[in-house]
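Okay, here's what each chain looks like letter by letter:
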Amino acid sequence: MSETRKTIQPSDTPDWFEKGLDHIWLPYTQMKTMVPPVGVAGTSGTRIQLEDGRELIDGIASWWAAVHGYNHPVILEAMRAQLDTMPHVMLGGLVHEPVMRLSTRLASLLPGDLNRCFIAESGSVSVEVAMKMCAQYFLNRGEPRTKFVHFRGGYHGDTLGTMGICDPEEGMHHIFGGMIPQNLLADLPRTAEEAEKFADFLIANKSDIAAVITEPLVQGAGGMLFHSPDTLRWIRKACDDAGVLLILDEIFTGLGRTGTMFALDQAGIIPDVVTLSKALSGGVTPLSVAIARDEIFAGFYSDNPEHALMHGPTYMGHALGCAAANASLDLFEKEDRLGAARWIGEQMAVELAPCSNLPCVADIRTLGAIGVVEIKDPSIIPHLKKRFIEKGVWIRPFRNIVYLTPALTIQRTDLSKLTHTIFSCLKEI
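Here the structure is a predicted model, which is why all the values come from computation and not from measurement.

**Brief notes about unusual backbone geometry**
Move 1: A positive phi is found at Tyr28, a non-glycine position, where the angle reads about 50°.
Move 2: Along the chain, the position of Tyr28 falls in the loop between helix 1 (15-20) and strand 1 (40-44).
Move 3: Located in the positive-phi region is Asn71, a residue other than glycine, with phi close to 60°.
Move 4: Summarising the element assignment, Asn71 is placed in the loop between helix 2 (61-64) and helix 3 (73-85).
Move 5: On the basis of relative accessibility, which here comes to 38%, the residue Asn71 falls in the partly exposed class.

As structure tokens, this is what we get:
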């Protein structure tokens, strides 16, 4: 798709920017010592237009949500049509065509009997819902299993429940150790021997465990840490042997990012619940889903009203978001997004390879449309953030990780600009 670009005229700092800084509270930011954020005037394709007239090539697709790029006409037209009829209506006692069609399509895309979709807003909420599904599945059977097994390097959100299944040391939530729910932390099994130990661990604690949760193939915010499909197969088998459930958090990896529609496809396994968000709506509106197997749903299907899943966000099944998500799935059907993810990964692997010769670089890795350069000294990150903008690219490193997760519509020349900029900026160090 060709990109339509509008020209932004250079201007002084806009009034809204100066006034707003006294009232906005930004994410993951020490507001006292921060470098001021950059004002955005517009987006188009894989470009971000700034208020001062500059244009940046976006290398991370708004935390990898804008999978089709910004302002894609197919998605925007679907949303305009939905706006004219019904932006939103409560899902309590009411349903509508966009949410029913989206649920049907997601069930058809996922393997096995992953058939029941609980459509909410944010990714953290979908994980919380998945946790409640698994815990109540056992509670409805008279089994008080309320613990979850999670992994070092894992990240699943910033809400109270999800903080309890993130890495307690490497994550962002260690200061809340006294108030967040305590669960069971384990190492990802990366070898057959480690898989045996993990299986024994589950057996020993199965009476307390509702589910194991992990990010398949890539632990994102934990440091863009990769593992093999074998790891997922070992975890699935261990869960089956112990009689506990498995949640796969595909909020980062789902919808093409790893080169297949879902990361779980590469392992050939079926989780008990899978969560999706971010790219689900094409990156244009909050939307998430927790999708459960028929067996899990059957555990709630009862004459007993207390066996119902008592959860219902105000904007769940958001009609406008569902229209966007259906349009996004249309694009996956009509355009070769998975093929794009693969060539993006191949190009990044080639073009990032020279970084391995730089003394500040510890590792380089790619998977699907994910490119990672791990550096040795995280103190250079603030300098890199500034230099990337100066060179006309939007790349947002974290901790000791410089990463690329571009839109699957990016042009090869723009991708090269991103990779070459990473190399040149690291070479300056």
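**Points about the packing of aromatic side chains**
Working definition: an aromatic ring pair is given by the centre-to-centre distance plus the angle between the planes.
Move 1: Counted by the stated rule, this structure contains nine aromatic pairs.
Move 2: Here Trp64 and Tyr403 contribute two aromatic rings whose centre-to-centre distance is 5.9 Å and whose plane-to-plane angle is 70°, an arrangement assigned as edge-to-face. Remark: Tyr403 occurs in strand 16 (residues 401-404) and Trp64 occurs in helix 2; sequence separation between them is 339 residues.
Move 3: A relative accessible area of 10% places Trp64 in the buried class.
Move 4: Relative accessible area serves as the criterion here: at 2%, Tyr403 is assigned to the buried category.
Move 5: Measuring from centroid to centroid gives 5.5 Å for Phe151 and Phe198, while their planes differ by 40°, and the two rings are tilted. Of the two residues, Phe151 is situated in strand 5 (residues 147-151) and Phe198 in helix 7 (residues 192-205); the sequence distance between them amounts to 47 residues.
Move 6: Relative accessible area serves as the criterion here: at 1%, Phe151 is assigned to the buried category.

**Section: helix 12 (residues 381-390)**
Move 1: Taken together, the buried positions of helix 12 are Ile381, Leu384, Arg387, Phe388 and Ile389.
Move 2: Here the buried face of helix 12 lies against strand 3 (55-58), strand 14 (370-375), strand 15 (393-394), strand 16 and helix 13 (412-428).
Move 3: Trailing helix 12 by a residue or two, Gly392 shows a phi angle of about 90°, which is positive.

**What about the pattern of salt bridges?**
Move 1: Applying the stated criterion across every chain yields a total of 23 salt bridges.
Move 2: Note that Asp52 and Arg54 form a salt bridge whose closest N and O atoms lie 2.8 Å from each other.
Move 3: For Arg54, a relative accessible area of 36% translates into the label partly exposed.
Move 4: Ionic pairing is found between Asp241 and Lys237, a salt bridge with its closest N-O pair at 2.8 Å.

**Section: the UniProt feature "modified residue: N6-(pyridoxal phosphate)lysine" (unreviewed entry) in the chain**
Move 1: The feature "modified residue: N6-(pyridoxal phosphate)lysine" (unreviewed entry), as given by UniProt, occupies Lys278 in the numbering adopted here.
Move 2: Position of Lys278 relative to the elements: it lies in the loop between strand 11 (273-276) and strand 12 (288-293).
Move 3: What Lys278 contacts, discounting residues up to four positions off in sequence, is Trp63, Trp64, Ala65, Ile251, Gly283 and Leu287.

What counts as what
- Residues numbered from 1 in each chain as written.
- Predicted model: local features only at pLDDT ≥ 70, side-chain atom pairs only at ≥ 80, totals over all residues.
- Heavy atoms only, no water.
- Helix = DSSP H or I, 4+ residues; strand = E, 2+ residues; numbered from the N terminus.
- Buried < 20%, exposed > 50% of the residue type's maximum accessible area, 1.4 Å probe, protein only.
- Phe/Tyr/Trp six-rings, centres within 6.5 Å; stacked < 30°, edge-to-face > 60°.
- Contact = heavy atoms within 4.5 Å.
- Salt bridge = Lys/Arg side-chain N within 4 Å of Asp/Glu carboxyl O.
- UniProt positions renumbered as here; feature names shortened; annotations may be inferred.

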